[in-house]
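Architecture and fold: a report
What follows is each chain in one-letter form.
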Amino acid sequence: MSTAALSHADTHGHHEHHEATGWKKYLWSVDHKIIGLQYLFSSLLFLFIGGGLALLLRWQLAFPSTQVMPDGNVGNPLSLAFINPQFYNALFTMHATVMIFLVVMPVLVGAFGNYLIPLKIGCGDMAFPLINELSFWVWLASGLIMLAGFFVAGGAAASGWTSYAPLSSVAAYNGTKIGQTLWAAGIFINGLASIMGAFNYITTIVNMRAPGMGFFRMPLAVWALFITAFLLLLAIPVLSAAGAMLILDLNFGTNFFNPAKGGQPLLWQHLFWFFGHPEVYILILPAMGMVSDILSVNSRKPVFGYRAMVYAMVAIGGLGFVVWGHHMFVSGMNLVLSAAFGVSTMVIAVPSAIKTFNWLGTIWGGAIRFNTAMLNARAFVAMFVIGGFSGIFMASTPVNIFVHHTYFIVAHFHYVLFGGSIFAMFAAIYFWYPKMFGRLMNETLGKIHFALTFIFFNLCFFPMHNVGLGGMMRRIADPTVYEHLRALQPINQFITISAIALGFSQIIFLYNFFRSLRHGQPAGQNPWEATTLEWTVGSPPGHGNFAVTPTVYRGAYEYSVPGHPKDFIMQTEPPAPDQPSGLPSRLRPVPAG
Amino acid sequence: MSRLCRWMGLWLMGILGLGSSTGWAEIRETGVWWLPRNVSNFGHEIDFIFYVILWLTGITAVLVFGVMIYFIVKYRHRAGVGAIHSHGNNTLEIVWTTIPVFIFLALAIYGNEMWAKMRMETPPTDALQVAIVGEQFGWNLRYPGPDGKLAKMDSQKISKENPFGIDPGDPDGKDDFTTYNDMVVPVGKAVRLHLSSKDVIHSFYVPEFRLYQDMVPGRVYDFVWFKTDAKGHFQLACNQLCGQGHYKMFGKLGVVTQEEYDSWAKGKAPAPATASTASAPQNVSVANR
């Protein structure tokens, strides 16, 4: 350990830290891998909390406790009486808040970002390890603060995760002054954690790449996290400001958003969505990057159009800041502005299309493996296509007038966030689990889990398109009070049953995850025969990652290169002496030492 | 237990499409998986663009999924068969960048033309003017009397006592009448809405009109108008989360003949100058627990 740490310190010359032991390791370690795992385990816990909230609200939609039977009896035998309308509103508000801020962001950006960035660019840790650890604890505190809302007078925040003012900002309107304040405080603190993480990622990637690791030799997962970090750094402070204004309005009479006292309700929406739309890409870009890597490794082929993929992600990151108005087409903002946002929104669909075509190109001509990671990665591509297509309907300003705020949009963003981000999360867990814990997850259980999740996901979320087109509003505690929605109720019940099955299928994943920690097949250093740097070290990698700082001689995707004895070439493998590296001189590695 | 059986029976009936209609609004008995019928002028154009996008994305989806499944089967890993070594193809990149650019821009331009027609052109001058002010949790409506003129609304004056924010001395308002959760419009006549809210954001949503518009407190929006082309009984729904009672903030919406409308309007007494609406602000059709 000491020699490794020494050589590591010599190479990078940044402040050295020592490996903590025992329980202290999981509480106070500043090692990026431990922090990554802390994020992973905590957000898996939050995943099940958020999923539980979803099942409760689905139950209410299928068997409403508010319903009046045709004979005048109130309620029905299957309803849960404790789900009153206000609690229902809190359920969907907190479901979304938990899933976005405590599950998808921390898993994709927090867990995999922390774990993979130093390993994939060839350095020993993040640039600021202590801030990294602080960011985790601050994030965890934000989650507990938000969930504490369920236990205060008035209950948790119940004005939707979008918290439109003045419903959210005037206590007399929402009836959840404390819960809403806790929500806003949680969002603010959560933002601090994101900002700390984001500048850490950017600094690490810019400054600490191993010799020879040019920007265009970085795996796409690193590129995606790099771009995501910029989005976080630019978008999150705006949300934090909005959250602070909300706290002031609720508790200190500032009236930023209350029109009765001269405030502007639309100001909240502009601030929120200026954050909210880049946020959508924060939630999907890391998924895109990791899926690109997994597709390439398991097709034994280089990523098709590597540079096009990078440029497409940069384009998404840039355009992501000029499309927020498409959430507000029918909010009553300036009508010409709506039209302009309609154009930018259609344009941002182009880079997503490019990425999809390149993913298809990547599997073209491959030697495709059917392991669980790959199945989930391909499901990501397919579900992302459906989610992208339903987005086009809403990007069209006239169609938006009809489908806005119906279940059509609920279907759309679940196809992107569950079908996209969560399938990518599963793919990434199955793929990097052997690196994290030294053992493989069980493939049979993995495939059963994948099949059930894929089937029930589609049975649950696809019919939501239909009930949305049928005119069903989102965020209503009881669709059966509407005569025009009564005929749709069987579909709602079908969706709920599928959601329950989807939820219970995850128990298989949980069992597999924890069982494999001890009983999984030992993975070895490079079980997938992948080329990138994390696979050159032990599983799990030791403290400091690399005994000797690696030198990078080639790009991240040298698969099935003709004339090579193996179908993959590690990034660290020097070119044969008689062969030129085939790269322009500016990309040739600096000789080590 | 018997209630459970009845519930399951109702559910089955729903699945089989045998539900019966006893309420105010139309209950669809067929086509529950698809769009409800459309009775408004702009609805036809919205549906048209909807179907254009549906065909475009549907065909593309079939192609993409077809190619994907074909690749997965054809290029599955087999012993002794290696993968092709390819880093990509710039011509292809240019092709699949350019084609979507043109398709998406065409969609945006065409959509915005429709948008301008629906929202940015001046509504017909002979339109029936209806003021709608949302509140937690119901709808205040104000109709013009025989003079056909609605009192001028000022969002700054909207209050509990003066839900429409009108000037009590406004002569146009003398014969206006108000209703609560009850909207009636004559078929075939343009209707221009003046939308606002007393407290939080509500929204005016009628799926059969293909129409959604937020009603933001502190503002009066008067750019929304529509013309119906068939009679029917519908529900006016709030589709912007507005608080605890949001889920039951709905009103009756009848599209009737001009004669029926006239006799309905004749039965309504002019509203007192500024007093709040007379009818009880409660949704009596639903038990409130």
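Analysis parameters
- Numbering of residues starts from 1 in every chain and runs along the sequence as written.
- Chains and ligands are labelled sequentially in the order written, the chains with letters from A and the ligands with numbers from 1.
- Reporting in this predicted model follows two pLDDT cut-offs: at least 70 for local features of residues, and 80 or more for side-chain atom pairs to be given and counted; totals over whole chains, interfaces and linings ignore these cut-offs and use all residues.
- By convention here, the domain bounds are inherited from an automatic or database domain assignment.
- Placing a C-beta atom from the backbone of each residue, one calls two residues in contact when those atoms lie within 7 Å.
- In this text, helices come from DSSP runs of H or I with a minimum length of four residues, and strands from runs of E with a minimum of two, each type numbered from the N-terminal end.
- Think of it as three bins: nonpolar holds Ala, Val, Leu, Ile, Met, Phe, Trp, Tyr, Cys and Pro, charged holds Asp, Glu, Lys and Arg, and polar takes everything else, Gly as well.
- For two strands to count as paired, DSSP must find a minimum of two bridges between them.
- Lines are fitted to the C-alpha atoms to define the axes, a helix being fitted only along its stretch in contact, and any angle between axes, read from their N-to-C directions, falls within 0 to 180 degrees.
- Working rule for angles: under 35 degrees goes down as roughly parallel, over 145 as roughly antiparallel, 65 to 115 as roughly perpendicular, anything else as oblique.
- In this scheme, a crossing is called left-handed if the near helix is turned counterclockwise away from the far one by less than a right angle; it is called right-handed if the turn is clockwise.
- Three exposure classes are used, based on other C-beta atoms lying within 10 Å of a residue's own C-beta, which is placed from the backbone: buried for 20 or more, exposed for 12 or fewer, and partly exposed in between.

What follows concerns the domain arrangement of chain B. All names here are of chain B. Domain boundaries in chain B define domain 1 (41-73 + 91-120) and domain 2 (128-266). Taking the mean C-alpha position of each, domain 1 and domain 2 sit 35 Å from one another. Contact with domain 1, which involves 6 residues of that partner, is made by 6 residues of domain 2. Looking at the side of domain 1 that touches domain 2, the element that brings in the most residues is helix α2 (residues 41-74), giving 5 residues. The class makeup of the residues in the side of domain 1 that touches domain 2 is 2 nonpolar, 2 polar and 2 charged.

Before going further, it helps to examine the sheet that holds strand β6 (residues 202-206) of chain B. Residue and element names in this part refer to chain B. Strand order in the open sheet formed by 5 strands is β4-β10-β9-β6-β7, with mixed pairing between adjacent strands. What marks the edges here is a single partner per strand, and that holds for β4 (182-186) and β7 (211-215). The sheet shows a mean angle of 20 degrees between the axes of neighbouring strands, direction not considered. As paired elements, β4 and strand β10 (residues 250-256) share 5 bridges and run parallel to each other. Bridging across to β10, valine 184 finds its partner in glycine 254. Where helix α4 (residues 258-266) meets the sheet, its contacts fall on β4 and β10, and the angle it forms with β4 comes to roughly 140 degrees.

To continue, consider unusual backbone geometry. Trans is the prevailing form of peptide bonds, just as negative phi is the prevailing case for residues other than glycine. In this chain, alanine 165 of chain A is followed by proline 166 of chain A through a cis amide linkage whose omega measures 0 degrees. Position of proline 166 of chain A among the secondary structure elements: in the loop between α5 (129-148) and α6 (171-174). In this structure, phenylalanine 137 of chain B follows glutamine 136 of chain B across a cis peptide bond, with omega equal to 0 degrees. Considering the arrangement of structural elements, one finds phenylalanine 137 of chain B in the loop between β1 (128-135) and β2 (138-143). Positive phi values are uncommon outside glycine, yet histidine 405 of chain A reaches one of about 60 degrees. Along the polypeptide, histidine 405 of chain A turns up in the loop between α13 (397-403) and α14 (407-437). Residues other than glycine seldom take positive phi values, yet asparagine 545 of chain A does so here, at roughly 65 degrees. As for its position among the elements, asparagine 545 of chain A is in the segment after α17 (489-519).

Before going further, it helps to examine the interface of chain A and chain B. In this assembly, 92 residues from chain A lie in contact with 94 residues from chain B. No other element matches the 16 residues that helix α11 (residues 335-363) of chain A contributes to the side of chain A that touches chain B. Considering only residue class, the side of chain A that touches chain B consists of 54 nonpolar, 30 polar and 8 charged.

Residues and elements named next belong to chain A. Packing of helix α9 (residues 265-299) against helix α12 (residues 372-395) leaves a shortest axis separation of 9 Å and a crossing angle of 130 degrees. Relative to α12, α9 is oriented oblique. α12 is crossed by α9, and the crossing has left-handed handedness. On the side of α9, the interface is formed by Ala287, Val291, Ile294, Leu295 and Asn298, while α12 contributes Ala373, Met374, Ala377, Phe380 and Val381.

Residue and element names in this part refer to chain B. For β1, a buried count of 8 out of 8 residues is recorded, marking the element as mostly surrounded by other parts of the structure. Side chains of β1 alternate between two faces, with Leu128, Val130, Ile132 and Gly134 and Gln129, Ala131, Val133 and Glu135 buried alike. Pairing of β1 with strand β5 (residues 190-197), which is carried by 7 bridges, proceeds in the parallel orientation. The residue bridging isoleucine 132 from the neighbouring strand is leucine 195, located in β5. When β1 meets β2, the two strands line up antiparallel, connected through 5 bridges. Bridged to valine 133 within β2 is asparagine 140. Counting the residues between successive antiparallel strands, the hairpin from β1 to β2 contains 2 residues.

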